[in-house]
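# Observations on the model geometry
Now for the letters of each chain:
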Amino acid sequence: VTLEFATAQRYDFEVLDEGGAVVWRWSADQVFAQMLGEEVLQAGESRRYAAVWPTQGGRGEYVARGLLTSRNYPVELRTPFRVMDD
């Protein structure tokens, strides 16, 4: 599979609150080169991306959203989680 990208960005992460509003986006303070690019994944090959959300005491129910920013194979995965008291 050849993944096509419109910029140097390959992925993004978001945290959404109970109402679905974005409370944090990994790419919010990032700058990406405006250039076309591609990555080839061979059969059985995968990519793993990670980021750390600075919760700053935000207790409650949230959804983590991971995105592959490919133009031709965009992928989005979501998982709910809860931030509780210490």
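Above: the structure in question.
Residues numbered from 1 in each chain as written. Predicted model: local features only at pLDDT ≥ 70, side-chain atom pairs only at ≥ 80, totals over all residues. Heavy atoms only, no water.

### Thoughts on the nonpolar core
Rules: Only buried residues count toward a nonpolar core. Its members are Ala, Val, Leu, Ile, Met, Phe, Trp, Tyr and Cys residues joined through side-chain atoms within 4.5 Å. When accessible area is computed with a 1.4 Å probe and restricted to protein chains, residues below 20% of their type maximum are described as buried, those above 50% as exposed, and intermediate ones as partly exposed. Contacts are assigned to residue pairs with any non-hydrogen atoms lying within 4.5 Å of each other.
Of all hydrophobic cores here, the largest spans 7 residues; its members are Y11, V15, W24, W26, W53, Y62 and V83. Among all residues touching V15, those that are not within four sequence positions of it are A21, V22, V23, W24, W53, Y62, V63 and F81.

### Quick notes on the sheet that holds strand 6 (residues 75-83)
Working definition: the strands of a sheet are paired by backbone hydrogen bonds and lie parallel or antiparallel to each other. Quick note on the threshold: Pairing between strands is defined by DSSP: at least two bridges between the two strands are required. Think of it this way: any DSSP run of H or I at least four residues long counts as a helix, any run of E at least two long counts as a strand, and we number them from the N terminus. Axes here refer to lines fitted to C-alpha atoms; in helices the fit is confined to the stretch in contact. Angles between the N-to-C directions go from 0 to 180 degrees.
Strand order across the open sheet formed by 4 strands is 3-2-5-6, with antiparallel pairing between neighbours. Each end of this open sheet is capped by a strand with a single partner; those strands are strand 3 (22-25) and strand 6. Each strand of the sheet is rotated relative to its neighbour by a mean of 20 degrees, with strand direction disregarded. Bridge count between strand 2 (residues 11-16) and strand 5 (residues 60-68): 6 bridges; the pairing is antiparallel. Bridged to D12 within strand 5 is L67.

### A few points about the pairing of strand 1 (residues 2-5)
Because side chains alternate across strand 1, one face comprises the buried residues L3 and F5, and the other comprises T2 and E4, none of which is buried. Where strand 1 lies against strand 4 (residues 37-40), 4 bridges are found, and the strand directions are antiparallel. When the bridges of strand 4 are listed, T2 appears paired with V40.

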